[in-house]
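Listed below, chain by chain, are the residues.
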Amino acid sequence: MIGVMAPVAPLGRDRAIDLLEKGNLPIVFGSPHPHIAIVEENGRFRIRKLVIDPAEAERARAESMAMRGLWMPEQYYALGKPTGEIFVEAATARDLVIAMKAMTWPTDW
């Protein structure tokens, strides 16, 4: 069925830590659709909420519909930017790993 995106499974704490330790930033994840990111910003390591600007999404939707007649959930969620709430912040990647191990990890992450 066109326009239906299969839900994404949660990444999980262990996999998120593994990717962070390997330096694979940014890490975008969340279930059923990406809504969280681990990023390095301004010399800090953060877990942040992804935010989608409604005006940008509408422009992208209109352009996609005009060019291809198609607008998929993947296109919408790809517009997410790590500008929302900061859930965890640390000075180093190692400190972020320590904080991640100590925190309650949401089931949809």
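Just above, that's the structure.
In this text the structure is predicted, and so the values were computed from the model without any measurement. (Residues numbered from 1 in each chain as written. Predicted model: local features only at pLDDT ≥ 70, side-chain atom pairs only at ≥ 80, totals over all residues. Heavy atoms only, no water.)

*Asks:* I'd like a rundown of the pattern of salt bridges, residues and numbers included.
*Replies:* Under the criterion given, the structure shown has 9 salt bridges. Here R15 ties to D18 by a salt bridge, and the two come within 2.7 Å at their closest N and O atoms. Here R15 pairs with D18, and both are found in helix α1 (residues 13-21), just 3 residues apart, close to one helical turn. Look at D18 and you get partly exposed, because its relative accessible area is 25%. E89 is the partner of R46 in a salt bridge, and the nearest nitrogen-oxygen pair spans 2.4 Å. Highlighted residues: R46 in strand β3 (residues 44-49) and E89 in strand β4 (residues 86-90), separated in sequence by 43 residues. Connected through salt bridges with shared partners, the residues E41, R44, R46, R48 and E89 form a single ionic network. (Salt bridge = Lys/Arg side-chain N within 4 Å of Asp/Glu carboxyl O. Helix = DSSP H or I, 4+ residues; strand = E, 2+ residues; numbered from the N terminus. Buried < 20%, exposed > 50% of the residue type's maximum accessible area, 1.4 Å probe, protein only.)

*Asks:* Account for the sheet that holds strand β1 (residues 27-29), naming residues and giving values.
*Replies:* Ordered by their spatial adjacency, 4 strands build an open sheet running β1-β2-β3-β4, and the pairing between neighbours is antiparallel. Of all strands in the sheet, those bounded by a partner on one side alone are β1 and β4. Between one strand axis and the next, the sheet turns by 20° as a mean value, whatever way the strands run. Pairing of strand β2 (residues 36-41) with β3, which is carried by 6 bridges, proceeds in the antiparallel orientation. Bridge pairing in β3 links I36 to K49. (Pairing = 2+ DSSP bridges. Axes fitted to C-alpha atoms, helices over the stretch in contact; angles between N-to-C directions.)

*Asks:* If you had to explain the nonpolar core to someone new, which residues and values would you point to?
*Replies:* Core analysis: the largest hydrophobic core is formed by 18 residues, its most contacted members being L20, I38, I47, L96, M100 and W105. Of all the secondary-structure elements, those providing two or more residues to this core are α1, β1, β2, β3, β4 and α4 (93-102). The residues touching M100, leaving out its near neighbours within four places in the chain, are R13, A16, I17, L20, I38, I47 and W105. (Core = buried A, V, L, I, M, F, W, Y, C linked by side-chain atoms within 4.5 Å. Contact = heavy atoms within 4.5 Å.)

*Asks:* Could you give an account of the environment of I17, naming the residues involved and the relevant values?
*Replies:* Within the element layout of this structure, I17 appears in helix α1. C-alpha of I17 to C-alpha of I36: the two residues are 19 residues apart in sequence and 14 Å apart in space.

*Asks:* Would you mind going over α4 in detail, with residue names and values included?
*Replies:* Among the residues of α4, those classed as buried are L96, V97 and M100. Angularly, the buried residues of α4 cover 105° about the axis, an arc narrow enough to put them on a single face. Exposed and oriented more than 90 degrees from the buried face of α4 are K101 and A102. (Arc of directions from axis to C-beta.)

*Asks:* Help me get a handle on the pairing of β3, residues and values and all.
*Replies:* Taken together, β2 and the strand that follows it, β3, pair antiparallel across an intervening segment of 2 residues, in which N42 is found at a positive phi of about 50°. Sheet analysis places β3 next to β4, joined by 4 bridges and oriented antiparallel. Counterpart to F45 in the pairing with β4 is A90.

Read these as spatial facts, not as claims about activity.
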